[in-house]
Amino acid sequence: MKKTTVADRIFNFSAGPAVLPVPVLEEARDQLLNYQNSGMSVMEMSHRSKAFDQILASAEAGVRKHMNIPDNYAVLFLQGGASLQFSMVPINLFIKDKPIDVIHTGVWTKMAMAEIKKIAPMRLAGTGEQENFRRLPRPDEIKLGKDASYVYIASNNTIYGTQWKKFPETGDVPLVADMSSDILSRQVDVKKFGLIFAGAQKNLGPSGVTLVVIRKDLAERADKNLPTMFQFRTHIESGSRYNTPPTFGIYILSLVMDWITKEGGISAIEKRNALKAKLLYDYIDQSGFYRCPIEKSDRSLMNVIVRIGEGNEALEKEFDQEAEKSGLSGLKGHRSAGGLRASIYNAQPLEGVQALIDFMKEFARRKG
Ligand SMILES: *Cc1c(COP(=O)(O)O)cnc(C)c1O
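Keep in mind the model is a prediction, meaning the values are calculated, not measured.

Undergrad: Is there a simple way to explain the packing of helix α7 (residues 247–262) against helix α8 (residues 265–287) in this structure?
TA: Any two packed helices are characterised by the angle at which their axes cross and by the distance between the axes. As a packed pair, α7 and α8 sit with axes 7 Å apart at the nearest point and diverge in direction by 80°. One way to sum up the angle between α7 and α8 is to call them roughly perpendicular. Residues Trp 259, Ile 260 and Thr 261 of α7 form the contact with α8, whose participating residues are Gly 265, Ile 266, Ile 269 and Arg 272.

Undergrad: Would you explain the pairing of strand β12 (residues 303–308) in this entry?
TA: Every other side chain in a regular strand lies on the same face of the sheet, so the side chains alternate between the two faces. Among the six residues of β12, six are classified as buried, and the element is accordingly described as predominantly covered. With burial as the criterion, each face of β12 is covered, one bearing Asn 303, Ile 305 and Arg 307 and the other bearing Val 304, Val 306 and Ile 308. By the bridge criterion, two bridges tie strand β11 (residues 290–291) to β12 in an arrangement that is antiparallel. In the sheet register, Tyr 290 faces β12, and the bridge partner there is Ile 308. Both β12 and strand β14 (residues 340–343) contribute to a ladder of four bridges, which runs antiparallel. From the neighbouring strand, Val 306 faces β14, where its bridge partner is Leu 340.

Undergrad: So what exactly am I meant to see when it comes to the packing of aromatic side chains here?
TA: By convention here, two paired aromatic rings are described through the distance between centres and the angle between planes. Applying the stated criterion to the full structure yields 14 aromatic pairs. Pairing Phe 167 with Phe 193 gives two aromatic rings, centres 5.0 Å apart and planes at 80°, and the pair type is edge-to-face. In this pair, Phe 167 sits in the loop between β7 (162–163) and β8 (175–178) while Phe 193 sits in the loop between β8 and β9 (195–199), placing the two residues 26 residues apart along the sequence. No difference in accessibility class separates Phe 167 from Phe 193, as the two residues are buried. Taken together, a centroid distance of 6.4 Å and an interplanar angle of 65° make the contact between Phe 289 and Phe 363 edge-to-face. With Phe 289 in the loop between α8 and β11 and Phe 363 in helix α10 (residues 350–367), this pair connects stretches of sequence that are 74 residues apart. One aromatic cluster is present, built from ring pairs that chain together Tyr 283, Phe 289, Tyr 290, Phe 319, Phe 359 and Phe 363.

Undergrad: When you look at the environment of Asn 12 in this model, what are you seeing that I'm missing?
TA: In this fold, Asn 12 is placed in strand β1 (residues 11–12). The class of Asn 12 is partly exposed, set by a relative accessible area of 22%. Distance from Asn 12 to Ala 222, taken between C-alpha atoms, is 41 Å for residues 210 residues apart in sequence. In this view, Asn 12 contacts Ala 18, Val 19, Ser 329, Ser 343 and Gln 348; residues no more than four positions away in its chain are not counted.

Undergrad: So what exactly am I meant to see when it comes to the domain arrangement of the protein chain here?
TA: You can read the domains of the protein chain as domain 1 (26–262) and domain 2 (265–367). Taking only C-alpha atoms into account, the centre of domain 1 sits 27 Å from that of domain 2. At the junction of the two partners, domain 1 supplies 27 residues and domain 2 supplies 26 residues. For the pairing of domain 1 and domain 2, the buried interface totals around 2200 Å² over both sides, and the portion due to carbon and sulfur atoms is 52%. Taken together, the links from domain 1 to domain 2 amount to one salt bridge. Where domain 1 meets domain 2, there are 15 residue pairs in polar contact (both at pLDDT 80 or more). Looking at the side of domain 1 that touches domain 2, the elements with two or more residues in it are β7 and α7. Per element, the largest residue contribution to the side of domain 1 that touches domain 2 is three residues, and it comes from α7. Taken together, the residues that form the side of domain 1 that touches domain 2 break down as nine nonpolar, 11 polar and seven charged.

Undergrad: Would you mind showing me how to read the packing of α8 against α10 here?
TA: As a packed pair, α8 and α10 sit with axes 9 Å apart at the nearest point and diverge in direction by 5°. When the axis of α8 is compared with that of α10, the two are roughly parallel. The segment α8 lies against α10, with Leu 275, Lys 276, Leu 279, Leu 280, Tyr 283 and Ile 284 engaging Leu 350, Val 353, Leu 356, Ile 357, Met 360, Lys 361 and Ala 364. Residue classes in the contact of α8 with α10 are distributed as 11 nonpolar, no polar and two charged.

Undergrad: Hey, could you run me through the sheet that holds β11 in this one?
TA: Strand-to-strand pairing in sheets goes through backbone hydrogen bonds, with the strands running parallel or antiparallel. Read from one edge of the open sheet, three strands run β11-β12-β14, paired in antiparallel fashion. Two strands bound the open sheet, and with one partner strand each, they are β11 and β14. Lying over the sheet, α8 contacts β11, β12 and β14, oriented at roughly 15° with respect to β12. The sheet contacts of helix α9 (residues 313–325) involve β11, β12 and β14, and relative to β12 the element is tilted by about 125°.

Undergrad: What exactly am I supposed to notice about the site of the ligand here?
TA: Every residue near the ligand is listed here: Gly 81, Ala 82, Ser 83, Phe 86, Trp 108, Asn 156, Thr 158, Asp 178, Ser 180, Ser 181, Gln 201 and Lys 202. Ser 83 has a polar side-chain atom sitting 2.6 Å from an oxygen atom of the ligand. Lys 202 places a polar side-chain atom, nitrogen or oxygen, 2.7 Å from an oxygen atom of the ligand. Ranked by residue count, the leading element in the shell around the ligand is helix α3 (residues 81–93), at four residues. A breakdown of the residues in the shell around the ligand according to their chemical character gives three nonpolar, seven polar and two charged.

About the thresholds
Residues numbered from 1 in each chain as written. Predicted model: local features only at pLDDT ≥ 70, side-chain atom pairs only at ≥ 80, totals over all residues. Heavy atoms only, no water. Axes fitted to C-alpha atoms, helices over the stretch in contact; angles between N-to-C directions. Helix = DSSP H or I, 4+ residues; strand = E, 2+ residues; numbered from the N terminus. Parallel < 35°, antiparallel > 145°, perpendicular 65-115°, else oblique. Contact = heavy atoms within 4.5 Å. Buried < 20%, exposed > 50% of the residue type's maximum accessible area, 1.4 Å probe, protein only. Pairing = 2+ DSSP bridges. Phe/Tyr/Trp six-rings, centres within 6.5 Å; stacked < 30°, edge-to-face > 60°. Domains from an automatic or database assignment. Buried area = accessible area lost by both parts, 1.4 Å probe. Salt bridge = Lys/Arg side-chain N within 4 Å of Asp/Glu carboxyl O. Polar contact = N/O pair within 3.5 Å; in protein donor to acceptor, adjacent residues only side chain to side chain. Nonpolar A, V, L, I, M, F, W, Y, C, P; charged D, E, K, R; others polar. Near = heavy atom within 4 Å.

Quick look at the structure:
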């Protein structure tokens, strides 16, 4: 079997699982057979070993540092994906007779609403559905109740390509956000949120780990008779080790946190993300061949939606297939939205975006 190298890699625009930083993959490779003189891989060691104690502590410290998380919040590494949080959050945070307010902005809030409705009374506090989710509801289109258990949003809509730039003001009502696809892509004031969750496979590491950042008092809302694994307090009390956590995923996540530090922290990451998105959107807007249907002020810096003409599906399919052959992978839009989508998460290098724009120019020249 031939050993693989960095030279074998392509530019990966997949929405998730997504591209990871090359230095992270290289470090994991170099430590795979013998992690720090333990004589074994992280995959093979006890989750209660000294070596893993350090990995878990380093992952938590990294998340705390980069998100600037206050001490009254817990940082948890759970399983079940972002999708388990669609149920776990209402199970724990719903207060009897206090409805849950949801601002509906796409496929992922729809999935979350389906679960919320099984557990609690739900109010649609705002929706972008009439506009096909091409923009977020404006402040005057959002109606929040002071009596809500909490307000629920998705900070970045991975499939439709919108992103909250300024979060809704919820006063004393906790704001809960699914940040799966833009966590750690920009500075966020954690104090404004009661709970943040994110599947790791977009900006944090491999799939199999879910990050939950929860204000600790909110975990006390849950009935102690709920199944043990469903309660946030179980995982807070046990430091994410009530049972075996996804050890290797947490290890990679800790390396990604170190990588962010080396890159200059979140402020540097945020700047680079803004630059990558600007280059791509600016090109699309002036191309006369491609089009981004999303309202400019709401455009996601992580997932860029691209259409050709008025939605020429045959040409879009051709684009995706030819791009793949040119070493640009994962550009097909989500099956429910169609078109093309370039996911340009933290680990997508500037060179990847430049290569994409070069390919787009060349394709437009041939087909335009
Ligand atoms: C990817 C994604 C999810 C689904 O995550 P799973 O870990 O597969 O459950 C949920 N919400 C958003 C915003 C996502 O981007």
